[in-house]
Amino acid sequence: MGHVKSTAIEKGFDVLNYTVLIVLCLSTIYPFMFLLSLSLSPGDVSLTQIRIIPSKVTFDNYMKVLTNDFIASGFANTMVRTLIGTALTVLVTIFTAYPLAKKQFPHRGFWTAFIVFTMFFSGGLIPSYFLVKSLGLMNSVWALVLPGLIHTFQMIIARNFFMSIPESLEESAKIDGANEIRILFQIVIPLSMPIVATLSLWTAVGHWNAWFDSMIYISDADKHVLQVVLRRIVLEGTQDMMDLNAMADEDLVANPETIKATTVMVATIPIIMVYPFVQKYFVKGMMIGSLKG
């Protein structure tokens, strides 16, 4: 009887669990599908007429958004920032985490604690601004990449992952005459693709969605990232920006709401498409990096 009651409780928990998960999934997916439907609707559509599957599909909104000078330059600037920032951050994070994973590294505990200290205390916005300005990084992509080059939490995850790699592999390579650099690039990194993919995904998403530092450090409108352009379109209105680069086809109807939805899709879809390529590494890298060491 006890087993039957336990089974009934387990089934009830499973039903409740699946119900909550389904509700959470629908609450997440529905806004995205609504914006996608709105972006594919004609400009003369009313918000009360929007359905998950639009009655009439048109790409006029995407033509207008993608041919806008501000959005095109913002997209290009965001791509440059994401690629450069992700590559440098992953490389420098590995260079920092790998030595700290070695037991023979001098004063390893001190340096690890010194770096972890930065997770809890920082100089603040104003000192950071003056530092970037004094280094001559203002109004350049380096002002968006270098200040946050290393994330302490990501470095700790990478360090723990490297500590899980058997030392015997590196000792065998040293016997064969390999130096530390060769061991890192030819043995450690190929074995660490899960953590490399995890760091790349975290960093790329962070750079893609960042906008505040661009508002602070970038003064030229043509150097702003896409998220700043998106913020201006959504919060400050569409007409003043979109009319600056009006399309030659006067028959296209520009609806501020459909333009906003289209801009959100243009800014969201590219980074979502990255996730399936790193999904198989993400969970493994996160689990090992969090638990080992």
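Numbering of residues starts from 1 in every chain and runs along the sequence as written. Selection of residues for local features in this predicted model requires a pLDDT of at least 70, selection of side-chain atom pairs for listing and counting requires 80 or more, and totals for whole chains, interfaces and linings are taken over all residues. Excluding hydrogens and water, the side-chain figures rest on all heavy atoms present in the structure.

Points about a nonpolar patch on the surface
Logical step 1: A cluster of nonpolar side chains, namely L16, Y18, V20, L21, I22, L24 and L26, defines an oily patch on the protein surface of about 710 Å² accessible area.
Logical step 2: Numbering of helices and strands starts at the N terminus; helices are DSSP runs of H or I of at least 4 residues and strands are runs of E of at least 2. Looking at where L26 falls in the secondary structure, it is placed in helix 1 (residues 2-39).
Logical step 3: Relative accessible area serves as the criterion here: at 55%, L26 is assigned to the exposed category. Candidates for patches are residues over 30% relative accessible area with no salt bridge; among them, like charges are joined within 9 Å and nonpolar side chains (Val, Leu, Ile, Met, Phe, Trp, Tyr) within 5 Å. Working definition of accessibility: Shrake-Rupley area with a 1.4 Å probe, residue cover restricted to the visible protein chains. The working definition used for a salt bridge is a side-chain nitrogen of Lys or Arg within 4 Å of a carboxyl oxygen of Asp or Glu. Residue burial is assigned from relative accessible area. The probe radius is 1.4 Å, only protein chains are included, and a residue is buried under 20% of its type maximum, exposed over 50%, and partly exposed in between.

Side note on the nonpolar core
Logical step 1: Among the nonpolar cores identified, the biggest contains 21 residues, and I94, F162, V188 and I195 are the most heavily contacted of them.
Logical step 2: For this core, the secondary-structure elements that each account for two or more residues are helix 3 (69-100), helix 7 (152-163), helix 9 (180-191) and helix 10 (193-209).
Logical step 3: Apart from the residues lying within four places of it in its own chain, the contact partners of V188 are Y98, F162, I165, E170 and I183. Nine residue types can take part in a nonpolar core, namely buried Ala, Val, Leu, Ile, Met, Phe, Trp, Tyr and Cys, and a core is a set of them joined through side-chain atoms within 4.5 Å. Note on contacts: a residue pair is in contact if any heavy atoms of the two residues lie within 4.5 Å.

Description of the packing of aromatic side chains
Logical step 1: The aromatic pairing rule takes the rings of Phe, Tyr and Trp, using the six-membered ring of Trp, and pairs them if the centres are within 6.5 Å, calling planes under 30 degrees apart stacked, those over 60 edge-to-face and the rest tilted. Tallied over the entire structure, the rule returns 13 aromatic pairs.
Logical step 2: Consider the rings of F59 and Y62, whose centres lie 6.4 Å apart with planes at 55°: the pair is tilted.
Logical step 3: On the basis of relative accessible area, Y62 is assigned to the buried category, the value being 15%.
Logical step 4: Where W211 meets F212, the ring centres are 5.8 Å apart and the plane angle is 85°; that geometry is what we call edge-to-face.
Logical step 5: Consider the ring centre and the ring normal. A charge sits over the ring if Lys NZ or Arg CZ is within 6 Å of that centre and within 35 degrees of that normal. In this structure, R232 packs its charged tip against the face of F70, placed 5.7 Å from the ring centre.

Some words on the side chain of S73
Logical step 1: In this fold, S73 is placed in helix 3.
Logical step 2: Judged by its relative accessible area of 18%, S73 falls in the buried class.
Logical step 3: Setting aside chain neighbours within four positions, we find S73 in contact with D222 and H224.

Remarks on the packing of helix 7 against helix 10
Logical step 1: Angles here are taken between N-to-C directions and fall from 0 to 180 degrees, while the axes themselves are lines fitted to C-alpha atoms, restricted in helices to the stretch in contact. One can describe the packing of helix 7 onto helix 10 by two numbers: an axis separation of 10 Å at closest approach and a directional angle of 170°. One element, helix 7, and the other, helix 10, form an angle in the roughly antiparallel class. Two secondary-structure elements touch here, helix 7 through F153, Q154, I157, A158 and F161 and helix 10 through P194, I195, L199, W202 and T203.
Logical step 2: Put simply, Ala, Val, Leu, Ile, Met, Phe, Trp, Tyr, Cys and Pro go in the nonpolar bin, Asp, Glu, Lys and Arg in the charged bin, and everything else, Gly too, in the polar bin. Looking at side-chain class alone, the contact of helix 7 with helix 10 contains 8 nonpolar, 2 polar and no charged residues. The scheme is simple: roughly parallel for angles under 35 degrees, roughly antiparallel for over 145, roughly perpendicular for 65 to 115, oblique for anything else.

Some points on the confidence of the model for the protein
Logical step 1: Residue-level confidence of the predictor is what pLDDT reports, using numbers from 0 through 100. The predicted model of the protein has a mean per-residue pLDDT of 82, with 84% of residues at 70 or higher.
Logical step 2: When pLDDT is averaged over each helix and strand of the protein, the minimum, 56, is found for helix 13 (residues 239-242) and the maximum, 94, for helix 6 (residues 142-145).
Logical step 3: Across residues 244-251 the pLDDT falls below 50, and counting only partners more than four positions away or on other chains, this stretch makes 9 contacts in the model.

Some points on helix 9
Think of an α-helix as turning once every 3.6 residues; residues three or four places apart then point the same way.
Logical step 1: I183, L184, V188 and I189 are the residues of helix 9 that are buried. In an axial view of helix 9, the angular spread of the buried residues amounts to 140°, which keeps them on one side of the axis.
Logical step 2: Check the buried side of helix 9 and you find it contacts helix 3, helix 7, helix 8 (167-175) and helix 10. The arc under discussion is defined with respect to the helix axis, by the directions toward the C-beta atoms.

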